[in-house]
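# Fold and geometry: a report
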Amino acid sequence: MADDPKKKGRDRSLVSEQEHEVAYIMRTAKVTRQKALKAIREAGPSRDKVMESLGKK
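The model shown is predicted, which means the values in this text are computed figures rather than measured ones. (Residues numbered from 1 in each chain as written. Predicted model: local features only at pLDDT ≥ 70, side-chain atom pairs only at ≥ 80, totals over all residues. Heavy atoms only, no water.)

## Description of the pattern of salt bridges
Quick reminder of the rule: In what follows, salt bridge is the name for a side-chain nitrogen of Lys or Arg lying within 4 Å of a carboxyl oxygen of Asp or Glu. Per the convention used, a helix needs a DSSP run of H or I reaching at least four residues, while a strand needs a run of E reaching at least two, with both numbered from the N terminus. Accessible area is worked out with a 1.4 Å probe on protein chains only. A residue is then buried under 20% of its type maximum, exposed over 50%, and partly exposed in between.
Scanning the entire structure with this criterion turns up 2 salt bridges. Of the charged contacts in the structure, one is a salt bridge between Arg-41 and Glu-17, with a shortest N-O distance of 3.2 Å. Linking Arg-41 in helix α2 (residues 33-43) with Glu-17 in the segment before α1 (19-29), this pair joins segments that are 24 residues apart in sequence. On the accessibility criterion, Arg-41 (56% relative accessible area) is exposed. Classification of Glu-17 as partly exposed rests on a relative accessible area of 40%. Taking the shortest distance from any N to any O, the salt bridge between Arg-33 and Glu-19 comes out at 3.0 Å. Here Arg-33, found in helix α2, pairs with Glu-19, found in helix α1; they are 14 residues apart in sequence, far enough to count as distant.

What follows is the structure in structure tokens.
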């Protein structure tokens, strides 16, 4: 099963390595693709932690 049917809405506080999410991080933090991917891998799935690790919060 792909998703938990009990969950409703979006997970705006989470980020993954999907192309559109990496592009969003690149755009908002004004960093390269490599830096965005590195930050996602090091900080984990929390969008706040990713932006914090990029020095954008």
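## Thoughts on unusual backbone geometry
With a phi angle near 55°, Lys-30 is a residue other than glycine that sits in the positive phi range. When you line up the elements, Lys-30 lands in the loop between α1 and α2. A relative accessible area of 74% places Lys-30 in the exposed class.

## A look at the environment of Ala-23
Within the fold, Ala-23 resides in helix α1. Counting along the chain gives 13 residues from Ala-23 to Ala-36, while the straight-line C-alpha distance between them is 8.4 Å.

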